[in-house]
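Coordinate analysis (summary)
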Amino acid sequence: MDLHTPTTWTNVALREVEREIHQWPILPSGTEGYAKAEVTVGGVDTAELSAKTMESRRVPGLYFIGEVVDVTGHLGGFNFQWAWASGAAAGRAL
């Protein structure tokens, strides 16, 4: 796929760019494993989300889980647990 900006900014051209992006394969070249795994701080404020479903209070039907939510835990698996638990909560709500 050639990477380029659209020649025009019409809805048709933007839909074509969207189609190309969604079909663009991105494959990780490797991993350093759990021993090197770390997490980030910041993200979507938990006050903006339903604690039961992880659904946005402002945009119904929009869910946030894992690292994108402003939840910070100690290294050692706590953040992985948060990612899995928040994903499970959102998945059950769908």
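Our subject in this report is the structure included herewith. (Residues numbered from 1 in each chain as written. Predicted model: local features only at pLDDT ≥ 70, side-chain atom pairs only at ≥ 80, totals over all residues. Heavy atoms only, no water.)

This paragraph deals with a nonpolar patch on the surface. On the surface, Tyr-34, Phe-80 and Trp-84 cluster together into a nonpolar patch covering about 390 Å² of accessible area. Within the secondary structure layout, Phe-80 lies in helix α2 (residues 78-93). Residue classification places Phe-80 among the partly exposed positions, given a relative accessible area of 32%. (Patch = residues over 30% accessible without salt bridge, like charges linked within 9 Å, V, L, I, M, F, W, Y side chains within 5 Å. Areas by Shrake-Rupley, 256 points an atom, 1.4 Å probe, with all protein chains shown as cover. Salt bridge = Lys/Arg side-chain N within 4 Å of Asp/Glu carboxyl O. Helix = DSSP H or I, 4+ residues; strand = E, 2+ residues; numbered from the N terminus. Buried < 20%, exposed > 50% of the residue type's maximum accessible area, 1.4 Å probe, protein only.)

We now examine the packing of aromatic side chains. The tally for this structure, following the rule as stated, stands at 2 aromatic pairs. Here the aromatic rings of Tyr-34 and Phe-80 are separated by 5.1 Å at their centres, their planes lie at 85 degrees, and the arrangement is edge-to-face. Here Tyr-34 is found in the loop between α1 (11-22) and α2, whereas its partner Phe-80 is found in helix α2, with 46 residues between them in sequence. Given the relative accessible area of 62%, Tyr-34 is considered exposed. When the ring of Phe-80 is compared with that of Trp-84, the centres are 5.7 Å apart and the planes differ by 20 degrees; the resulting orientation is stacked. Taken together, the residues Phe-80 and Trp-84, both in helix α2 and 4 residues apart, mark about one turn of the helix. (Phe/Tyr/Trp six-rings, centres within 6.5 Å; stacked < 30°, edge-to-face > 60°.)

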